[in-house]
Amino acid sequence: MLNKSSQKTSNESVRQQNSGLVLQALRHDGPLAHTDLSASTGLSSATVSAITAELEKTGLIERREVANVGHRGRPRVLFSRRRDAAHVIAVRISSHAVQYSLADYRGTLIDRIEEPRDHGATTSQAFLAGFRAAIERLIRRSRLPEDAVTTISISSKGIADRDGAKLLWSPIFGYESLDFESALSGLLNSGFSERGSIRLFNESLLVTHALLLRLEKTREAPLPALATLSLGHSIGLGVALRDRNGLVRVVAPNFGHMLHAADGKLCRCGAYGCVEASAGFYGILRAAFEVPPDTIPAKFVPLTEMEKIASRARQGHRVSEYAFRQAGLALGQSLSRMLSLAEETMPIAITGPGTRFMDLLMRGLTEGLGQSQHVRVHGAPELLIITEEETLVFEGHVDRALTEIDQDLGG
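Everything numeric here is computed off the predicted structure, so don't read it as measured data.

(A) The nonpolar core, seen in detail. Core analysis: the largest hydrophobic core is formed by 42 residues, its most contacted members being Leu-229 and Phe-324. When contributions to this core are tallied by element, the ones reaching two or more residues are β12 (225–231), β13 (235–242), α7 (275–279), α8 (281–288), α9 (303–314), α10 (318–342), β15 (348–351) and α11 (358–370). Considering each element in turn, this core owes the most residues, 7 residues, to α10. With near-sequence residues (within four places) excluded, Leu-229 lies in contact with Ile-235, Gly-236, Leu-237, Phe-255, Leu-331, Leu-335, Ile-348, Ala-349, Ile-350 and Thr-351. Membership of the second largest hydrophobic core comes to 29 residues, among which are Ile-89, Leu-102, Ile-135 and Phe-180.

Next up, the structure:
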């Protein structure tokens, strides 16, 4: 039998969970009327009334009356999240630029700054100093109160520390780690969350998270699994798997630096034979110009250079064609291993700047997938080409950040 203290804790947990359901429904589908909220969350009318009253009191949601067009009676009351209840800064660190976006509590983009990457001799300390200065500038020009921004969510290709906001390895800085939590110390309202409010994610994880939400709005049944493959200067993979209880876990394994072949191709990480060493932009460039496979990879390959190689391949230049085909083969074979390990035949969404070369990559990719026993038994996965990777990164940032804010403010 539960004692009074345990009963109180249990009731508080249920109340917080129900508040989160209401806030989530308003974020994804709002504004909503009382009856719509009840239907969307599965909560009783009385529970919804109690939660909306409490959330209004704390300033997280607001109501407005809308006339019933063509019907007599009292106006319809719609609830929505208050825009100024909290704000999020989402930062995307890519190979060519750093993009800083400010969003409100409804997830609406308010302002954005984009700065080109310096691929010269910039140190990690100089980068972090510029990083903090850009965020301070974004907050200043928004004219928001000092404590208005509650979360900074950062994404990059590379290996992120799961327990903190530290980038352990990245394509640009290598093994020189970047500690964002220390670099941004004192910048945000420290009283907001005991767990901290600076988050760092692998970019592919956010893309997978956002795309899963999108696809499930257009499909009749929840997706049991989904993978996203990012093609560009780096190779990234995100995988979403749903358990028996319907809960989704999204992970971003270090796919681009998984061992693919003992072929002596040098990777940016310092190892030989990684997937990225064959399928990343620098791998394709190296193969197209027939330079030794152990040549030190370029840190950055301009997209214009890749377009030139692709143009030659489409005109029948055999070495350029071969470079793209081998890249596709490396991707297909590696994806087939992932499917075998996951024991799921899942849709695979392909994103990133490399999608513009799918006509050259597809032959090798499908050949590589077809070599897998898993694919021969269960069939080839559905392949989706998604060209708006940047938008998905922003959506993933905002949804994960606002979910966390909901749990803290709504609790």
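(B) Fine view of the sheet that holds strand β16 (residues 383–385). Spatially, β14-β13-β12-β15-β16 is the arrangement adopted by the 5 strands of the open sheet, whose pairing is mixed. Both edges of this open sheet fall to β14 (248–251) and β16, since each of them pairs with a single strand only. Sheet twist, expressed as the average angle between the axes of neighbouring strands with direction ignored, equals 15 degrees. As paired strands, β12 and β15 are joined by 4 bridges and run parallel to one another. Bridge assignment links Ala-227 to a residue of β15, and that residue is Ile-348.

(C) How the structure looks around α9. Counted at 1.5 Å a residue, the expected span for α9 with its 12 residues is 16 Å, and the 16 Å between its end C-alpha atoms agrees. Every buried residue of α9 is listed here: Met-306, Ile-309, Ala-310 and Ala-313. Each buried residue of α9 lies within a common arc of 100 degrees when the element is viewed along its axis, so the set occupies one face. The inward-facing, buried residues of α9 contact α8, α10 and α11. Trailing α9 by a residue or two, Gly-316 shows a phi angle of about 100 degrees, which is positive.

(D) Representation of the pattern of salt bridges within the structure. Scanning all chains against the criterion turns up 25 salt bridges. Here Arg-141 and Asp-111 are joined by a salt bridge, their closest N and O atoms 2.7 Å apart. With Arg-141 in helix α4 (residues 124–142) and Asp-111 in strand β6 (residues 109–116), the pair connects residues that are 30 residues apart, well separated along the chain. Judged by relative accessible area, which is 45%, Arg-141 ranks as partly exposed. With a closest N to O distance of 3.8 Å, Glu-203 and Lys-157 form a salt bridge. Taken together, the residues span a long stretch of sequence, with Glu-203 in helix α6 (residues 203–218) and Lys-157 in the loop between β7 (149–156) and β8 (159–160) at a distance of 46 residues. Look at the salt bridges and you will find they share partners, linking Arg-27, Arg-81, Asp-399 and Asp-406 into a network.

(E) Summary view of the pairing of β14. Relative to β14, β13 is paired through 4 bridges, and the arrangement is antiparallel. By the bridge assignment, Ala-240 is partnered in β14 with Val-250. With antiparallel pairing between neighbouring strands as the criterion, β13 and β14 make up a hairpin whose turn holds 5 residues, including Gly-246 at a positive phi of roughly 85 degrees.

(F) Broad picture of the packing of aromatic side chains. By the definition in use, this model includes 7 aromatic pairs. Summarising the aromatic geometry, the rings of Phe-131 and Phe-180 are spaced 5.0 Å apart at their centres and angled 55 degrees between planes, so their arrangement reads as tilted. With Phe-131 in helix α4 and Phe-180 in helix α5 (residues 180–183), this pair connects stretches of sequence that are 49 residues apart. Each member of the pair, Phe-131 as well as Phe-180, carries the same accessibility label: buried.

(G) Focus on the packing of helix α2 (residues 34–41) against helix α3 (residues 45–57). Axis separation between α2 and α3 bottoms out at 9 Å; the angle between their running directions is 110 degrees. Classified by the angle their axes make, α2 and α3 are roughly perpendicular. Note that α2 runs across α3; the crossing there is right-handed. Contacts between α2 and α3 involve His-34, Leu-37, Ser-38 and Thr-41 from the first element and Ser-45, Val-48, Ser-49 and Thr-52 from the second. Residue composition of the contact of α2 with α3, by class: 2 nonpolar, 6 polar and no charged.

(H) Examining unusual backbone geometry more closely. Each neighbour pair has its own omega, and for Gly-30 with Pro-31 the value is 0 degrees, a cis peptide bond. One can find Pro-31 in the loop between α1 (4–29) and β1 (32–33). Within the chain, Arg-143 stands out as a residue other than glycine whose phi angle is a positive 60 degrees. Take Arg-143: it is sitting in the loop between α4 and β7. By relative accessible area, which is 76% here, Arg-143 ends up exposed. Phi at Glu-290 is positive, roughly 55 degrees, even though this residue is not glycine. Within the fold, Glu-290 resides in the loop between α8 and α9. Taking relative accessible area as the criterion, Glu-290 reaches 62% and is therefore assigned exposed.

(I) Expanded view of the side chain of Arg-286. Here Arg-286 is to be found in helix α8. Although buried, Arg-286 forms no salt bridge, and the nearest oppositely charged side chain, Asp-294, lies 7.3 Å from it. Looking at Arg-286, its side chain comes within polar contact range of the main-chain oxygen of Leu-266, at 2.9 Å. At 2.9 Å, the side chain of Arg-286 and the backbone oxygen of Thr-295 are in polar contact.

(J) Examining the sheet that holds strand β10 (residues 178–179) more closely. An order of β8-β9-β10 is seen for the 3 strands of this open sheet, with the pairing classed as antiparallel. Of all strands in the sheet, those bounded by a partner on one side alone are β8 and β10.

About the thresholds
- Residues numbered from 1 in each chain as written.
- Predicted model: local features only at pLDDT ≥ 70, side-chain atom pairs only at ≥ 80, totals over all residues.
- Heavy atoms only, no water.
- Core = buried A, V, L, I, M, F, W, Y, C linked by side-chain atoms within 4.5 Å.
- Buried < 20%, exposed > 50% of the residue type's maximum accessible area, 1.4 Å probe, protein only.
- Helix = DSSP H or I, 4+ residues; strand = E, 2+ residues; numbered from the N terminus.
- Contact = heavy atoms within 4.5 Å.
- Pairing = 2+ DSSP bridges.
- Axes fitted to C-alpha atoms, helices over the stretch in contact; angles between N-to-C directions.
- Expected span 1.5 Å × (residues − 1).
- Arc of directions from axis to C-beta.
- Salt bridge = Lys/Arg side-chain N within 4 Å of Asp/Glu carboxyl O.
- Phe/Tyr/Trp six-rings, centres within 6.5 Å; stacked < 30°, edge-to-face > 60°.
- Parallel < 35°, antiparallel > 145°, perpendicular 65-115°, else oblique.
- Left-handed = near helix turned anticlockwise from the far one by under 90°.
- Nonpolar A, V, L, I, M, F, W, Y, C, P; charged D, E, K, R; others polar.
- Lys, Arg positive; Asp, Glu negative; His and termini not counted.
- Polar contact = N/O pair within 3.5 Å; in protein donor to acceptor, adjacent residues only side chain to side chain.

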